[in-house]
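# Tertiary structure, described
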Amino acid sequence: MTRTFLVVGGGGREHCLAWALARSGGVEHVYVAPGNGGTATEVKCSNVALDPLDFAGLINFARSRQVLLTVVGPEAPLAAGIVDAFAEAGLPIFGPSRAGAQLESSKAWAKELMAEAGVPTAHARSFCDMDAARAYVRTIGAPIVIKADGLAQGKGVTVAMHLDEALEALDALPRFGTAGASVLIEEFMEGEEASVLTFTDGRTLRVLQPAQDHKRIGTGDTGANTGGMGAYTPTPLITGALLDTIERTILIPVVEALARRGIDYRGILYAGLMIRAGTVRVVEFNCRLGDPETQAILPLLATPLEALLEATIHGQLDQIKLDWQPLHAASVVVSAGGYPGSYRTGDVVGGLDAARATGALVFHSGTQRSDQTVVTAGGRVLAVTGLGSTLTLAVERAYRAAEKITFPDAYYRPDIAWRALQEARVE
């Protein structure tokens, strides 16, 4: 095998993965399927016109190019069994099996596993009968959380502060197709959310720097849920002692519970957490790297990414030590106007060179190249990441670069890391 990698996916997370691999001297080339307007011009990278769900096509490509390792970015191919298909073909691939991916593909399944593992989380009930779900919501009242059970690209959760909102969320579930055929109704948890991502080979864990994502579209964490409008790391919400507690009481018990079910879980275990007064409860688990958390976390990773990926699939994580740059990172998502609702595509994106000239990193998400120009091709268009010796500097650098980006109705939240910055000013 050559030192060639294949990254599956076309978003900002996948651009960041490809960038992190390509900057290593130990990596010869990175293919990205299907990639985007940024990966198309990244050094040592090239796009491949293959759908992430075209397993046969991806397997044939990986075999023909003697790919050392395929790395799966998004959740949909993991949930559909891409790892199982590659394993059957005798090809190495990074990510959990279809059975393990149920942690994300079924919220009800994940709740059952959490109960088995003794992991703290919100009380919840699952319904397939929507009339019964409505009756339950009327009995419980608001605030309450309505979650489509399946994969909904980060948009299947409604935190309903009023009863009418909850009932409207139930009525809207059919728009998610099979993902909304059943619903998880969960008690409302107060606190602040944070993300803790870990690599695991089924025995050993290597926990990444904790981050805080900003899921709401509006300033001050208001408005509709999105796939994520920005993130920063490290977050003061999670101290070193609290991170140790999270590993001991949440991450390790879940990996052990998976093993008891006969699931050899190798890949990313992502815990979305609710933190209040030093106590932690799980909001959700994901089976892949977060987006945009990845665009903030990976630029600070000093350990070669390919070494971490290979150790995970070969059961050798105990031989890996994580090293980090002593910096802060903040990533600001620039989205198309109207997102997460309807939005326009095909607009020319300007200012990319000017944004990079500030020293920031620009990761493409919803873009593609057309006639030597970059045009919008999705709701979340770019993630602009600033680095700095303090969080304040990292945030300032991210926004200085984001201001250079131009396309009609471009939108980004002006307050990424606002709580952390506010607390730092008070201190």
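Since the structure is predicted, the reported quantities are computational estimates derived from the model, not experimental observations.

Next up on the list: the nonpolar core. Among the nonpolar cores identified, the biggest contains 51 residues, and Ile-82 and Leu-103 are the most heavily contacted of them. Top contributing element to this core by residue count: helix α9 (residues 240-260), with nine residues. If you look at the next biggest cluster of nonpolar residues, it comprises 36 residues, including Val-30, Leu-197, Leu-208 and Ile-268.

Next up on the list: unusual backbone geometry. Ala-142 connects to Pro-143 through a cis peptide bond whose omega is 5°. As for its position among the elements, Pro-143 is in the loop between α7 (130-140) and β7 (144-148). Residues Thr-233 and Pro-234 are joined by a peptide bond in cis, for which omega reads -10°. By the secondary structure assignment, Pro-234 is in the loop between β15 (230-233) and α9. With phi around 70°, Ala-417 is a residue other than glycine that occupies positive phi space. Summarising the element assignment, Ala-417 is placed in the loop between α13 (391-402) and α14 (418-426). Relative accessible area serves as the criterion here: at 0%, Ala-417 is assigned to the buried category.

Attention now moves to the packing of aromatic side chains. Using the criterion set out here, one finds six aromatic pairs in the structure. Arranged with centres 5.5 Å apart and planes meeting at 75°, the rings of Trp-19 and Phe-363 form a pair that is edge-to-face. With Trp-19 in helix α1 (residues 12-22) and Phe-363 in strand β19 (residues 361-364), this pair connects stretches of sequence that are 344 residues apart. By the burial criterion, Trp-19 is buried, and Phe-363 matches it. Each ring, one from Tyr-31 and one from Phe-61, has its centre 4.9 Å from the other, and the planes form 85°; the classification is edge-to-face. With Tyr-31 in strand β2 (residues 29-34) and Phe-61 in helix α2 (residues 55-64), this residue pair connects regions lying 30 residues apart in the sequence. Both residues of the pair, Tyr-31 and Phe-61, belong to the buried class. It is Arg-261 that lies over the ring of Trp-109; its NZ or CZ is 5.0 Å from the centre.

The rules we used
- Residues numbered from 1 in each chain as written.
- Predicted model: local features only at pLDDT ≥ 70, side-chain atom pairs only at ≥ 80, totals over all residues.
- Heavy atoms only, no water.
- Core = buried A, V, L, I, M, F, W, Y, C linked by side-chain atoms within 4.5 Å.
- Buried < 20%, exposed > 50% of the residue type's maximum accessible area, 1.4 Å probe, protein only.
- Helix = DSSP H or I, 4+ residues; strand = E, 2+ residues; numbered from the N terminus.
- Phe/Tyr/Trp six-rings, centres within 6.5 Å; stacked < 30°, edge-to-face > 60°.
- Lys NZ or Arg CZ within 6 Å of the ring centre and 35° of its normal.

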